[in-house]
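# A closer look at the structure
Take a look at the letters that make up each chain.
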Amino acid sequence: MNKEFYDICYEVLSHYLNFPDVVDTYKSIGDGNSYLKNYPQNDFDFQNKKNDIIRYIVETRGNNFIYQCQESNKLFLPVTPGVSNKTLIDDDRIELRIQLENEISVLILKGIHQVIKHLYPTLDNNMLSAELLQQGGETLLKYGVVSGGQQQWRN
């Protein structure tokens, strides 16, 4: 995962809060960041918060068209090392945290997708999702959501 790419994408989202769907996604990202910030540090606290965290992950996945594109066999999300094929309820504290971190990243991609679609409504959803999943800053430059001076995240 290219952390710098996701950081700049999150910053970009904050400049497009005039679109209601982007606001909703931005709020969901904030909720996820709050779960991360207050993530349980011991197993007792984890058991008390686990269902809330799982509910958040399930809700955000259900409303994220990037997952829907993946389910239609048109896109494949990257496999995350350390995360098994177990269900969320079977994940331990560390595995669920990894799932949560990844969920926030995919939500950020969803938000950038929404911004670009507002600017270029005729773009193909699957093609744009595929570009964003490659985590390339060129996509952000291509659609003008960042300027050439914001290239510190590029390799």
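Above this text is the structure in question.
Keep in mind that this is a model prediction, so the values were computed, not measured.

### Overview of the packing of aromatic side chains
- In the structure shown here, the tally under the stated rule is six aromatic pairs.
- Between phenylalanine 5 and tyrosine 6, the ring centres sit 5.5 Å apart and the planes meet at 75 degrees, which makes this aromatic pair edge-to-face.
- Seen in terms of ring centroids, tyrosine 39 and phenylalanine 46 are 6.4 Å apart; in terms of plane orientation they differ by 45 degrees. Their pairing is tilted. Comparing tyrosine 39 with phenylalanine 46, the two get one shared label, buried.
- It is arginine 97 that lies over the ring of tyrosine 39; its NZ or CZ is 5.3 Å from the centre.

### Some thoughts on the packing of helix 2 (residues 20-37) against helix 5 (residues 93-119)
- Interhelical geometry of helix 2 versus helix 5 gives an angle of 165 degrees and a closest axis separation of 9 Å. Comparing the axis directions of helix 2 and helix 5 gives the class roughly antiparallel. The chirality of how helix 2 crosses helix 5 is left-handed. Side by side, helix 2 and helix 5 meet where Asp21, Val22, Thr25, Ser28, Ile29, Gly32, Asn33, Tyr35 and Leu36 of the first sit next to Arg97, Leu100, Glu101, Ile104, Leu107, Ile108, Lys110, Gly111, Gln114, Val115 and His118 of the second.
- The residue inventory of the contact of helix 2 with helix 5, partitioned by class, reads nine nonpolar, seven polar and four charged.

### Observations concerning the packing of helix 5 against helix 6 (residues 125-133)
- Relative orientation of the contacting elements helix 5 and helix 6 amounts to 130 degrees, with a least axis distance of 10 Å. When the interaxial angle is binned, helix 5 and helix 6 end up oblique. Two packed elements cross with a definite hand, and for helix 5 against helix 6 that hand is right-handed. On helix 6, the residues that touch Leu109, Ile112, His113, Ile116 and Lys117 of helix 5 are Asn125, Leu128, Ser129, Leu132 and Leu133.
- Classifying every residue of the contact of helix 5 with helix 6 by side-chain character gives six nonpolar, three polar and one charged.

### Side note on the side chain of histidine 113
- With respect to the helices and strands, histidine 113 occurs in helix 5.
- Residue classification places histidine 113 among the buried positions, given a relative accessible area of 2%.
- In contact with histidine 113, other than residues within four places in its own chain, are Phe65, Asn125, Leu128, Ser129 and Leu132.

### Topic: the nonpolar core
- In this structure, Leu96, Leu100, Ile112, Ile116 and Leu140 are the most contacted members of the largest nonpolar core, which totals 37 residues.
- Only helix 1 (3-13), helix 2, helix 3 (43-62), helix 5 and helix 6 provide two or more residues apiece to this core.
- No other element matches the ten residues that helix 5 contributes to this core.
- Residues contacting isoleucine 116, with those up to four places away along its chain left out, are Leu123, Leu128, Leu132, Thr139, Tyr143 and Val145.

Conventions we followed
- Residue positions are counted from 1 within each chain, in the order its sequence is given.
- Given that this is a predicted model, residues contribute local features only at a pLDDT of at least 70 and side-chain atom pairs are listed and counted only at 80 or more, while totals for whole chains, interfaces and linings are drawn from all residues.
- In computing side-chain values, all of the structure's heavy atoms are included and hydrogens and water are not.
- Aromatic pairs are defined between Phe, Tyr and Trp rings, using the six-membered ring for Trp, whenever the two ring centres lie within 6.5 Å; interplanar angles under 30 degrees are classed as stacked, those over 60 as edge-to-face, and all others as tilted.
- Partly exposed describes any residue whose relative accessible area lies between the buried limit of under 20% and the exposed limit of over 50%, with all areas from a 1.4 Å probe on protein chains only and scaled to the type maximum.
- Two thresholds decide whether a charge sits over a ring: the Lys NZ or Arg CZ must be within 6 Å of the ring centre and within 35 degrees of the ring normal.
- Angles shown run from 0 to 180 degrees and are taken between the N-to-C directions of axes, each axis being a line fitted to C-alpha atoms and, for helices, limited to the stretch in contact.
- Under the scheme used here, helices are H or I runs from DSSP no shorter than 4 residues and strands are E runs no shorter than 2 residues, and both carry numbers assigned from the N terminus.
- Just so you know how the angles are binned, under 35 degrees is roughly parallel, over 145 roughly antiparallel, 65 to 115 roughly perpendicular, and the rest oblique.
- Note on convention: near helix rotated counterclockwise from far helix by under a right angle means a left-handed crossing. Clockwise means right-handed.
- In this analysis, two residues are considered to be in contact whenever any of their non-hydrogen atoms come within 4.5 Å of each other.
- Gly falls in the polar group here, along with every residue not listed as nonpolar (Ala, Val, Leu, Ile, Met, Phe, Trp, Tyr, Cys, Pro) or charged (Asp, Glu, Lys, Arg).
- What we call a nonpolar core is a set of buried Ala, Val, Leu, Ile, Met, Phe, Trp, Tyr and Cys residues that are connected through their side-chain atoms within 4.5 Å.

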